Amino acid sequence: MARHIYACPMRWSDMDVFGHVNNVNFLRYLEEARIDFTFTTAGEVGEKAMAEGSVVARHEIDYLIPLVYRPEPIIIETWITKLGRASFTVTYEVKDVGAGPDGKDKVYARAKTVCVPYDLAAARPRRLTEGERAFLAEYLEPSTVAA
């Protein structure tokens, strides 16, 4: 099983009055990682249908430790924990690899997003194509991390 790795740039304005990255910005980070995964990475292997449309049906985020701005990007690991016929669940870890006190990853947040493929022209949900399912299956890892 593979995981998608995205180096997400941070912005000084992502911080709030409490001196850490605001919770709303975590959703933006997750979106950037998800778009890089489903549009860019899928497109690079020839799966173009992913870019034709999907909608978010649900988000879950567990904020574990405060994240503070720095010029280096934050790493977002992305993989699939559920793959249905008309939906898929993207799971994430927002982290610094090997930065914990014991050399393990320092995880700032864990999250899940349920996505539904969407036919923009017909304005309705649709089924995943066989190509989309094959692409997503490469990243399928049954849920081991609870969000």
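Let us look at the structure shown here. Numbering of residues begins from 1 in every chain and follows the order in which that chain's sequence is written. Given that this is a predicted model, residues contribute local features only at a pLDDT of at least 70 and side-chain atom pairs are listed and counted only at 80 or more, while totals for whole chains, interfaces and linings are drawn from all residues. Here the side-chain values reflect all heavy atoms present in the structure, with hydrogen atoms and water set aside.

Section: the packing of aromatic side chains
Centres within 6.5 Å are what make two rings of Phe, Tyr or Trp a pair, Trp counting through its six-membered ring; a difference in plane orientation under 30 degrees is then read as stacked, over 60 as edge-to-face, and the rest as tilted. Counting across every chain of the model gives 6 aromatic pairs. Note on Phe 26 and Tyr 29: the rings are 6.0 Å apart at their centroids and 55 degrees apart in plane angle, and the pair reads as tilted. Here Tyr 29 and Phe 26 lie together in helix α1 (residues 23-44), a separation of 3 residues that amounts to about one turn. For the pair Phe 26 and Tyr 29, one class covers both residues: buried. A centroid spacing of 5.4 Å and a plane angle of 55 degrees characterise the contact between Phe 135 and Tyr 139, whose relative ring orientation is tilted. Taken together, Phe 26, Tyr 29 and Tyr 63 form an aromatic cluster joined through their ring pairs. Arg 3 extends its terminal NZ or CZ atom over the ring of Trp 79, reaching a point 3.4 Å from the ring centre. Helix and strand definitions here come from DSSP, where helices need a minimum of 4 consecutive H or I residues and strands a minimum of 2 consecutive E residues; each element is numbered from the N-terminal end. Think of it in three bands: residues with accessible area under 20% of the maximum for their type are buried, residues over 50% are exposed, and the middle band is partly exposed, with areas taken using a 1.4 Å probe on protein chains only. The rule is short: NZ of Lys or CZ of Arg within 6 Å of the ring centre and within 35 degrees of the ring normal puts a charge over the ring.

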